[in-house]
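Architecture and fold: a report
Listed below, chain by chain, are the residues.
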Amino acid sequence: MKSVRVEKFPQFDLPKSLERLGELAFNIWWVWNHEAQDLFAMVDKYLWDDLNHNPVMFLQQVNYARLTAQANNAEFLVLYKEVMDKFDAYVGEKRPYYSKKYPALKDKGIAYFSFEFGLHESLPVYAGGLGILSGDHLKEASDMGMPLVAVGFIYNKGYFSQRLTEDGWQETDNYLLDFKKLPLLAVLDDNEDQVLVKVELPGRMVTARVWRLLVGRVPLYLLDTNLPENSEADRQLTARLYSSDSDIRISQEILLGMGGVRVLRLLGYNPEAWHMNEGHSAFLTIERLLEYIKDGKSLEEAKTLVKKNNVFTTHTPVPAGNDEFPLWLIDKYFSKVWPQLGLNRDEFIQLAHNTQSWGETFSMPVLAFGLSNQRNAVSKLHGQVSREMWKGLWPDKVVDDVPIGYVTNGVHTGSWLSAKYRNLFDRYLGEDWLENVDDAEMWARLEQIPDGELWAVRQFLKRRLVNFANHRARRKWQSGKIQPSQVVASGVLMESNILTIGFARRFATYKRANLILSDIDRLMSIINSEERPVQFVFSGKAHPADEPGKLLIQNLYRMIKDPQTGGRLVFLEDYDMKIARYMVQGVDVWLNTPLRPNEASGTSGMKAALNGVLNFSVLDGWWHEAYDGNNGWVVGDDTDYQEPAQQNQHDADLLYRTLENEIIPLYYGNRNAVNVPVDWVAKMKYCIRTLAPQFSMRRMLREYTEDFYRPACE
Ligand SMILES: *Cc1c(COP(=O)(O)O)cnc(C)c1O
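Below: a short report on this structure. Computed from a prediction, not measured in an experiment: that's the story for all the values here.

**Things to note about the overall build of the protein chain**
Along the protein chain, the regular secondary structure elements total 29 helices and 21 strands. In summary, the protein chain has a C-alpha radius of gyration of 25 Å against a globular reference of 27 Å for 714 residues, a match within 12%. Reported as C-alpha extents along the three principal axes, the dimensions of the protein chain are approximately 80 × 70 × 55 Å. Expressed as a percentage of the 714 residues in the protein chain, the buried residues total 60%. Within the protein chain, residue pairs in contact and separated by at least 24 positions form 74% of the contacts whose partners lie at least 6 positions apart.

Here is the structure:
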């Protein structure tokens, strides 16, 4: 692959002996390498936390005297050298795992397109699960040494930050990202000018520049239209994630799909596999058809070639997640394109025609399915649901033969496992354990960890969550902008030695955050038990246009603020990757209550399981295939009712029953002489052992490689 030219990274004012900290800041490898984070924290822990763990800002703002102090601190210098050596070894290694395991594929480039990437809280250009999955995909591709390159957007107004009014109404705070404070470098051409990519939108050309973000060994190219040569409206085109305005949305998707292919060509990439992570990038199929047609191929030949290399992953059965556009919008944006393909309007629309929803539409998933030979859903159950949902595209096939496979999602172990457990595992699982995270036998060594040690880490992580909530509550209270009841709702009455249940996710109605409120008296008697109290921590945002989602938050928040809860229900505002980390590591039980079969996979429960947090979930998404009767609990059972109200009542009743009869007694019962709940710890071990390998990003990328990238490349 061609080496891509980028602007020089800015010089920070650093002592000579520490000058490579700048390099470290400009490759987010540090996100999953705790020793590298420790370096920044050792220089100034408060500033590091205050700046939301953003090393570029940190190096811009840190007091020089603190740096010189560390430049003279032998202990710091040892760690610095260790980290830089590890970094050099990592970046310098030429594709070890991947090229050994898949020698025939080692030079076959893979392009990965996604609307959002969730890599770290200091890069808030993700909304939720889809973005986190994309981010984890890149991190693991880097660890494996996969020749992957990714394309997406850098949204300068990001997603949004969430604030709740006293009455629990979600308000959105907007921010403006300053790219000079992020590890982004502009991509340059041979004349040192910015690389620009153009796409035609109705009546004008829109120009985007390209930023590079290094994710270990994987480059992520991010498009940005905020340039003086664009109109004011076009400068805002890449400002925000998930606009509800269909003109903006289709323009973004044209820019990502068609512009993204052009960016890769400009930079000299010639990928053999093209992975569309959800339908947002499906216009890349059109751009690739155009490329072949300009090259003299017939449309039929072009289709065959495009399909062969394309991989399409569908991520949700929920209609709002499957983009479709009205036909008049397609006329507006594509009437100049279909003649270039040698098609008339009807034939063009036929590429993505959907008549099954709210009228005749142009459906991005239909486009992507039709022009990819490799197609998958994101869990076993979601595979079945998708085959049923999209069977109309293959009218001559019975449902079971609909050609949509599945690869169940996974999570990037290095990013989600707490440093404390990582250190413990380093001691007991052998030095190479992280290189073998997908090996179930390796995980059997977990049994060698003494119960007391595993439990001590669990207790530490819970205290850390409580301290975190307290610290945030204090800050907010000091801001003078919140009421005392909101301070309580933010978790100041939390305790660090009682059973703690976490629930954090997008507040979409199908996720049923309020299922736990179905019987308030029963809930109060559970949480307020003198002997066996329970606390619940909630977090999550609703999409700003989702009124029912916002009502759900309000309904929950009103309950949380009710004095009878005694502060045992807590809401942590502004869910992001940092809160997710504190929660999936800090609670005892991870609750998930979606209405089946809407949760295609879910990944937060996998992060929890990795940290020995026991899942308590509806048998939907990943849990449907993960639950084995012992590694956690189920909410409800396998009964599906026609009526949602009936389903809710059924599920809520079983939820309370399992809590009362199984979860609470296991947690508080059978303590040994030093108060370790040995049965609970045994279950934790079993949970980690059975779930960590199977739901690792390593296992996921192996399956993508073997089942989808390989056929696309060969
Ligand atoms: C993991 C994660 C998600 C996705 O979790 P689900 O289980 O799919 O709801 C969403 N947001 C953040 C911040 C996450 O870390």
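**Brief notes about the pattern of salt bridges**
In the structure shown here, the tally under the stated rule is 47 salt bridges. A salt bridge links D588 to K462; the shortest N-O distance between them is 2.8 Å. Remark: K462 occurs in helix α20 (residues 451–478) and D588 occurs in the loop between α24 (577–586) and β19 (589–592); sequence separation between them is 126 residues. Both residues of the pair, D588 and K462, count as buried. Among the ionic contacts, a cluster of salt bridges with common partners joins R522, D653, R657 and E660.

**Things to note about the site of the ligand**
The ligand sits among 14 residues. The nearest are W416, A580, T603, S604 and K607. With respect to the ligand, the backbone of T603 contributes an N or O atom lying 3.2 Å from an oxygen atom. One of the side-chain nitrogen or oxygen atoms of K607 is found 2.6 Å away from an oxygen atom of the ligand. Of all elements in the fold, only α8 (129–144), α24 and α25 (604–610) reach the threshold of two or more residues within the shell around the ligand. Grouping the amino acids of the shell around the ligand by side-chain chemistry returns five nonpolar, five polar and four charged.

**Section: helix α11 (residues 284–294)**
The α-helix advances 3.6 residues per turn, and as a result positions three or four apart in sequence lie on the same side. Taken together, the buried positions of α11 are L284, T285, I286, E287, R288, L289 and L290. Count one or two residues on from α11 and you reach G296, which has phi positive near 95°.

**Notes on the side chain of S379**
Note on placement: S379 falls in the loop between β14 (374–377) and α17 (380–389). Residue S379 is classed as buried on the basis of its relative accessible area, which comes to 0%. Of note is the side chain of S379, whose polar atom sits 3.0 Å from the backbone nitrogen of H382. Of the polar contacts made by the side chain of S379, one reaches the backbone oxygen of A600; its length is 2.7 Å. Each residue touching S379, except ones within four places of it in the same chain, is listed here: Y406, V407, T408, A600, S601, G621, W622 and E625.

**Side note on the environment of L619**
Secondary-structure assignment places L619 in the loop between β20 (614–618) and α26 (621–626). Overall, the relative accessible area of 11% leaves L619 in the buried class. Here the alpha-carbon distance between L619 and T639, two residues 20 residues apart in the chain, equals 9.9 Å. Aside from chain neighbours lying at most four places away, what touches L619 is L381, R596, H624, Y627, V634, V635 and D638.

**Some thoughts on the side chain of K607**
Assignment of secondary structure puts K607 in helix α25. One buried charge, K607, has no salt-bridge partner; the nearest side chain with opposite charge is D136, at 6.2 Å. Contact partners of K607, with chain neighbours within four places excluded, come to I132, V411, W416 and V584.

**A closer look at the packing of α20 against α24**
Running from amino to carboxyl end, α20 crosses α24 at an angle of 145°, the nearest separation of the two axes being 8 Å. Where α20 crosses over α24, the two elements pack in a sense that is left-handed. Taking contact as the criterion, the partners of R458, L461, K462, R464, L465, F468 and R472 in α20 are, on α24, K578, I579, Y582, M583, Q585 and G586.

**Some thoughts on the nonpolar core**
Membership of the largest hydrophobic core comes to 147 residues, with the highest contact counts inside it found for L21, L24, F283, I286, F334 and F348. Residues within four places of F348 in sequence aside, it is in contact with I286, I330, F334, W338, L341, L343 and F362. In this structure, Y421, A489, F538 and M583 belong to the second largest nonpolar core, which totals 98 residues.

**Considerations on the sheet that holds β19**
The sheet built from six strands is open, its strands ordered β18-β17-β16-β19-β20-β21 with parallel pairing. This sheet does not close on itself; its edge strands, each paired only once, are β18 (569–572) and β21 (632–635). Looking at each pair of strands side by side, their axes are set apart by 20° on average, direction ignored. Sheet topology places β20 next to β21; four bridges connect them, and they run parallel. Within the sheet, the bridge partner assigned to N615 lies in β21 and is G632.

**A closer look at helix α13 (residues 327–334)**
What α13 keeps buried is the set L327, L329, I330, Y333 and F334. For α13, the buried positions fall inside an angular range of 150° around the axis, keeping them on one side. Each element contacted by the buried residues of α13 is listed here: β6 (196–201), α10 (246–266), β11 (324–326), α14 (337–340), α15 (345–350) and β13 (359–363).

**Details of the packing of α20 against helix α21 (residues 484–492)**
At a minimum axis separation of 8 Å, α20 and α21 run at an interaxial angle of 160°. With respect to each other, α20 and α21 are oriented roughly antiparallel. Regarding α20 and α21, the two cross each other, and that crossing is right-handed. Taking contact as the criterion, the partners of A469, N470, A473 and W477 in α20 are, on α21, P484, V487, S490, G491 and V492. Across the contact of α20 with α21, the residue classes tally to six nonpolar, three polar and no charged.

**Looking at unusual backbone geometry**
Note the cis peptide between R596 and P597, where omega equals -5°. Of note, P597 is situated in the loop between β19 and α25. Phi at H53 takes a positive value of approximately 55°, unusual for a residue other than glycine.

**A few points about the pairing of β20**
Side-chain direction in a regular strand flips from residue to residue, so the side chains alternate between the two faces of the sheet. Of all five residues in β20, five are buried, a share of seventy percent or more. Pairing between β19 and β20: four bridges, direction parallel. Within β20, the position partnered with N592 by the bridge is S617. Handedness of the crossover joining β19 and β20 through α25 is recorded here as right-handed. Since β20 and β21 lie parallel, the crossover through α26 that links them has a hand, and here it is right-handed.

Conventions we followed
Residues numbered from 1 in each chain as written. Predicted model: local features only at pLDDT ≥ 70, side-chain atom pairs only at ≥ 80, totals over all residues. Heavy atoms only, no water. Helix = DSSP H or I, 4+ residues; strand = E, 2+ residues; numbered from the N terminus. Rg over C-alpha atoms; globule rule 2.2 N^0.38 Å. Buried < 20%, exposed > 50% of the residue type's maximum accessible area, 1.4 Å probe, protein only. Contact = heavy atoms within 4.5 Å. Salt bridge = Lys/Arg side-chain N within 4 Å of Asp/Glu carboxyl O. Near = heavy atom within 4 Å. Polar contact = N/O pair within 3.5 Å; in protein donor to acceptor, adjacent residues only side chain to side chain. Nonpolar A, V, L, I, M, F, W, Y, C, P; charged D, E, K, R; others polar. Lys, Arg positive; Asp, Glu negative; His and termini not counted. Axes fitted to C-alpha atoms, helices over the stretch in contact; angles between N-to-C directions. Left-handed = near helix turned anticlockwise from the far one by under 90°. Core = buried A, V, L, I, M, F, W, Y, C linked by side-chain atoms within 4.5 Å. Pairing = 2+ DSSP bridges. Arc of directions from axis to C-beta. Parallel < 35°, antiparallel > 145°, perpendicular 65-115°, else oblique. Right-handed = clockwise from strand over helix to strand, strands pointing away.

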